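Results of the structural survey
What follows is each chain in one-letter form.
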Amino acid sequence: MTTTRQRAVSWPRRVALALRLLAMGVVAAAVFAPDRLVPSEGSAVVYVVDESHSTRGARESIRTFLGEVFRRAEGTGQLVCVVRFDGAPTLTRACASVDSGDAASAFGLAMHEDADAVDTPGSDLQSAVRLATAALPDLGARRIVVLTDGRETRGQVRDAVAPLSRSGVAFDVVSFGHEPAVTTHLGALERHESHVRSGESVRLEVDVVGQPGERVRMAYYRDGARQTQRQVNLDGEGRFRDAFVDHEPSGGVHVYEAQILRGGGAVDRTRRQAAVLVGGKPRVLVVTLLGDQPTLLVDALRQADADVTHLQLTEAPLDASRLSGVDLVVLADLPLERAGEVSLINGLGPEAQDALVEFVGGGGGLIATGGAFGFGPDWADTPLARIMPVHIEDQGEVDDPPVALAVMLDRSGSMGARVGSHSKMELAVEASLAAAATLRPTDRIGIATVDTNTTWTYALADVAGVGPHRDRVRRIRAGGGGIYVYTALVDAYDALRTAPEPIRHVILFSDTADSEEQYQGCPFGHCGRHMPYAVDLAREVRALGLTTSVVGIGSAHDSDVGFLQDLAAAGGGRFYLTTRGADLRRIFVTETRAAALSNLREEPTGVEAVGRSPMVDGVGPVPELSGFVQSQPRPTADTALRTTDGHPLLASWRHGLGTVVAFTSDAGGRWSQSWSEWPGAGQLMRQMARFAQRRRAATSADAAVSLEGDEIVVDVRVPAGGEPPAGLEIFAHSAAGGTPAPVTADLERVGPGHWRARTVATTVQGGGAAVVVARARDAQGGLLAEALGQQSAASEWSVTGPDQALLSQLVRLGEGRLDPSPAETLVPAPTSVPRPVPTWPWWLLAAAALVVMDLFARRLERSKSGARRRLGEAMDARRARSRATVPNDGANAGTNEEAAAAVDSPAERAA
């Protein structure tokens, strides 16, 4: 009886447990509940506008088309976006509704309407469609409308259009480009060969199109430098195919360009571009500050059939792109900039030095020669000096040669301004006297003041004689007009020109806002370039060994700062700029010490060989030289030639994978003139270059470069048993020209003897990469393979109207329309992307309802349990009373039965 009752009352507990478990399951399922899709009424259209060269004649039509679109979309709430593209796409207008007055300016098309404007070649339609797809919102009816002629030059637009229909994006094409904007233009510049061997000529051809019988003047360029110009006559159909032949190109990658200079009609002056790779000979880069080269060394290199290229630092920087592909670099008599020393204007800067250190460490060869500036004190403690096989001596380690110094002081009225208790003029005078004190008594100094004329307060004479004239120098006062720079330089150079001292230096002190007579005889205003220029004068006398530094007082924004910087650079000195007259003493003393420091030895010097070296084998006795730069050999360096007093003349050592050679004389200047008649000079120079240059790889490989849109793909294949590539160099030239940009990429092995690298030329400006050169190197830095890739722009330059075949194919792929009207492009796409509505809140609500039911079941189970407990207690109490008060005999039998019946009442039974 008790067991049955307990089973009968346990069902609420089982129901509560089931509800609780079900609620937990619903909560867990809510995390994975799918969204409910509901129809979306929004609509968006992206207009992709072709602004490449071949659509120039249709730009007004495109502008009219878009103007109509914006007028019709105004106030409708429809989202309109605009993507423009030529060589690269740009999102001009993000998706937004067109408000009142927005139609005239919202799309912001900056189309070139000038026929003489220069376009960047290239048409990356694929990237433009991809950008348009990304610009679309995720909801509603979506459409892409492309306004183009379909003449893409990079990428494959089909790959971008094919997935659109599966995503519910409608794709329409409006064809433009029917009429060229110019009547006289060029086709693509076509090369006969992309790779030629050293000694072979390069031939290029280009179509010239214009009016029948028109005369057109053409120009051809190689690496930005004009090679030739000539006139061509168009035939009766207005066409002519012109050819250019470069008979002796140097080794390396050359970018050729063709351009129309003048014609009878509207002329397209945009340059057409083609690249050619010339290989075969060792490639040598000779770096000088100005135009002079070490003749002995350069002549020997050319006789050895090396490709010699000259780089002048005053015209172009030395960077990694110029070093790539070079086997040997010659630094000919170069000064260096020290890190953090901003006053030195010219010379090889820290970044170029770091590039050279990396070049040598990767296997390149380096030769540094001496001279007036090579291995000077400014080399000490620089990155380049640390890889030299000789120790560059600084102040205190050598006996400094005699110095002749001319100090030219500005005495214009502005120099009378007070700085504390002294005028600027007084401070400049004291600075000059302090500079004289740093020199030796036997050195010579001249101190002059300059306004419109030069006045020598202390004419060039021994420093020892300055003492008695100190008071006279200190009586100099300001008060003249502006400083006449050209007059000051002429007088200073005349005083120093015949001086016998090896170090002849000018310090020009000038106001940076009042430096007059920059051109001879023209003190004010703009002067013609035909007049003698002070910067040119400083450059000319520098070749005679006279150097010039400038100390400017004023602000960096003053009008004459640039001129004074150029003057110091041309003069081979330093430029100092200060706004505080109190700095002048320190600057003058520092500059005088820098000018006086020198480790030059201009004297007859005997030369002797030291042991055996591949550089001097077979050259025989070496004649004496007229000078050298004094230094000391590094402990682990190999010295092949030295002076008779033990200083290294020719030393070498290994740095990383490369070789560094130091030749402390000038290798073809005035110090080595006696070697011009020595038969062994050429042999010594050739052997020196051969010893230093990069070692070529013993095995060869094949490389190929392809440009797929913005992506560059390089494949390197090595024959069986060949050495695998250890490194890859990639440099990309933009379509707009300029300096090639380095591009980083890692090679990955994709098969037996096959390596591949993929990268994007994100650093290239001007419309992306147009020409790419890649070089694979072995573990020793040797060149394994070299390849060239170029974007083809032939269709861009043909100017023949829309590519109807491609445009029709795109419409079929995108399941869209060809040439819809502006109103039709605004019709919502037939397929709308529904709006997802999350269902998890409803799942959580259901779980909450189950929890409420669980609570009710548990409350019911508790009430049942309480009733059963109270009933049991009552029954136990009654039984106990009956046993205690009623005897157990026959007479009481009826009474006991009545009591039992009373206990088992209907209410109790129900319970």
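Presented here is an overview of the structure given in this document. (Residues numbered from 1 in each chain as written. Predicted model: local features only at pLDDT ≥ 70, side-chain atom pairs only at ≥ 80, totals over all residues. Heavy atoms only, no water.)

**Digging into the nonpolar core**
Using the following cut-off: Residues grouped as a nonpolar core are buried Ala, Val, Leu, Ile, Met, Phe, Trp, Tyr and Cys residues, joined through side-chain atoms within 4.5 Å. Note on classification: 1.4 Å probe, protein chains only; a residue is buried when its accessible area is under 20% of the maximum for its type, exposed when over 50%, partly exposed between these limits. By the criteria applied, helices consist of DSSP H or I runs no shorter than four residues and strands consist of E runs no shorter than two, each listed in order from the N terminus.
In this structure, L318, V329, L331, L348, L356, L366 and L384 are the most contacted members of the largest nonpolar core, which totals 65 residues. Here this core takes seven residues from helix α9 (residues 424–437), the largest share from any one element. Grouped together as the second largest cluster of nonpolar side chains are 34 residues, V284, L328, A640 and L641 included.

**Brief notes about unusual backbone geometry**
At D223, a residue that is not glycine, the phi angle is positive and equals roughly 55 degrees. Residue classification places D223 among the partly exposed residues on the basis of a relative accessible area of 44%. Residue A667 is not a glycine yet carries a positive backbone phi of 55 degrees. Relative to the elements of secondary structure, A667 occurs in the loop between β37 (658–663) and α15 (680–692).

**Structural notes on the packing of helix α11 (residues 485–497) against helix α12 (residues 534–542)**
The criterion, for reference: What counts as an axis is a line fitted to C-alpha atoms, over the stretch in contact for a helix, and the angles between N-to-C directions run from 0 to 180 degrees. Oblique is the label for any angle not under 35 degrees, not over 145, and not in the 65 to 115 range, which are roughly parallel, roughly antiparallel and roughly perpendicular in turn. In this scheme the handedness of a crossing depends on how the near helix is turned from the far one: anticlockwise by less than a right angle means left-handed, clockwise means right-handed. Contact criterion: two residues are considered in contact whenever any of their non-hydrogen atoms come within 4.5 Å of each other. In this classification, the charged set is Asp, Glu, Lys and Arg, the nonpolar set is Ala, Val, Leu, Ile, Met, Phe, Trp, Tyr, Cys and Pro, and all remaining amino acids, among them Gly, are polar.
Close contact between α11 and α12 brings their axes to 10 Å; oriented N to C, the two are set at 15 degrees. Judged on the interaxial angle alone, α12 and α11 are roughly parallel. Remark: the crossing between α11 and α12 carries left-handed chirality. Each of V485, Y486, L489, V490, Y493 and R497 in α11 lies in contact with α12, whose residues at this interface are A534, L537, A538 and V541. Class assignment of the residues belonging to the contact of α11 with α12 gives a composition of nine nonpolar, no polar and one charged.

**Some words on the pattern of salt bridges**
Note the cut-off: What makes a salt bridge here is a side-chain nitrogen of Lys or Arg within 4 Å of a carboxyl oxygen of Asp or Glu, nothing more.
With the rule as written, the count across this model stands at 22 salt bridges. As a salt-bridge pair, R143 and D172 come within 2.8 Å of each other at their nearest N and O atoms. Linking R143 in strand β5 (residues 140–148) with D172 in strand β6 (residues 169–175), this pair joins segments that are 29 residues apart in sequence. For the pair shown, R143 and D172 are each scored as buried. Put simply, D242 and R230 hold a salt bridge, and the shortest N to O gap is 3.4 Å. Placement of the pair is D242 in strand β13 (residues 239–246) and R230 in strand β12 (residues 225–233), with a sequence separation of 12 residues. The exposure class of R230 is partly exposed, given its relative accessible area of 25%. When salt bridges with common partners are traced through the structure, they connect E190, R203, E205, D207 and R241 into a single cluster.

**Focus on the environment of L356**
Considering the arrangement of structural elements, one finds L356 in helix α8 (residues 350–361). Here L356 falls in the buried class, since its relative accessible area comes to 0%. Counting along the chain gives 36 residues from L356 to A320, while the straight-line C-alpha distance between them is 7.9 Å. Among residues more than four places away in sequence, those in contact with L356 are L318, L323, V329, L331, L348, L366 and L384.

**Here we look at a nonpolar patch on the surface**
As a reminder of what qualifies: Patch membership requires more than 30% relative accessible area and the absence of a salt bridge. Residues of like charge join within 9 Å; the nonpolar side chains Val, Leu, Ile, Met, Phe, Trp and Tyr join within 5 Å. Here the open area of atoms and residues is found with the Shrake-Rupley method and a 1.4 Å probe, where only the protein chains shown may cover a residue.
There is a patch of nonpolar side chains on the surface, built from L17, L21 and M24 and spanning about 320 Å² of accessible area. Relative to the helices and strands, L21 resides in helix α2 (residues 11–30). The class for L21 is exposed, based on a relative accessible area of 53%.

**Observations regarding helix α17 (residues 804–814)**
Short version of the rule: Arc definition: directions from the helix axis to the C-beta atoms.
Turning to α17, its buried residues number three or more, namely L806, L807, L810, V811 and G814. Along α17, the residues classed as buried sweep out an arc of 140 degrees about the axis, all on the same side. What points out from α17, more than 90 degrees from its buried face, is the exposed set A805 and R812. Summarising the contacts, the buried residues of α17 are in contact with α4 (125–135), β5, α5 (157–161) and β6. Looking one or two residues past α17, E815 carries a phi angle of roughly 55 degrees, positive in sign.

**Digging into the side chain of H254**
The criterion, for reference: Polar contact is defined as a pair of N or O atoms within 3.5 Å, subject to the rule that within protein one atom must be able to donate a hydrogen and the other to accept it, and that residues adjacent in sequence are counted only when both atoms are side-chain atoms.
With respect to the helices and strands, the residue H254 is situated in strand β14 (residues 252–262). Among the polar contacts listed, one links the side chain of H254 to the side chain of D223, at a separation of 2.7 Å. Beyond its immediate sequence surroundings of up to four residues, H254 is in contact with R222, D223, P249, A274, A275, V276 and V278.

**A short note on the packing of aromatic side chains**
We count it as follows: Centres within 6.5 Å are what make two rings of Phe, Tyr or Trp a pair, Trp counting through its six-membered ring; a difference in plane orientation under 30 degrees is then read as stacked, over 60 as edge-to-face, and the rest as tilted. Lysine NZ or arginine CZ positioned within 6 Å of the ring centre and within 35 degrees of the ring normal marks a charge as sitting over the ring.
Enumeration according to the criterion identifies eight aromatic pairs in this entry. Both rings, one in Y519 and one in Y533, keep their centres 4.5 Å apart while their planes meet at 20 degrees; by these two values the pair is stacked. Here Y519, found in the loop between β28 (515–516) and α12, pairs with Y533, found in the loop between β28 and α12; they are 14 residues apart in sequence, far enough to count as distant. We classify Y533 as buried; its relative accessible area is 11%. Between Y533 and F563, the aromatic rings sit 6.1 Å apart at their centres with planes inclined by 40 degrees, giving tilted as the arrangement. With Y533 in the loop between β28 and α12 and F563 in helix α13 (residues 561–570), the pair connects residues that are 30 residues apart, well separated along the chain. Taken individually, Y533 and F563 each receive the classification buried, so the pair is uniform in this respect. A connected cluster of aromatic rings, assembled from ring pairs, spans Y220, F244 and Y256. Against the face of Y221 rests R271, its NZ or CZ located 3.7 Å from the ring centre.

**A closer look at the layout of surface pockets**
Short version of the rule: As defined here, a cavity is a set of points on a 1 Å grid over the protein atoms alone where a 1.4 Å probe fits but cannot get out. A pocket is an open set with protein on both sides within 12 Å along at least five of seven lines, and residues line them when an atom is within 4 Å of a point. Grid points are joined across faces, edges and corners, and a volume is the space filled by probe spheres set on the points.
In this structure, the largest pocket spans a volume of roughly 1,200 Å³. Taken together, 41 residues make up the lining of the largest pocket; nearest its centre are D223, V253, H254, T309 and R322. For the lining of the largest pocket, the elements supplying multiple residues, two or more each, are β12, β14, β16 (283–288), β17 (307–312), α7 (320–323), β40 (727–734) and β44 (769–777). A breakdown of the residues in the lining of the largest pocket according to their chemical character gives 13 nonpolar, 18 polar and 10 charged.

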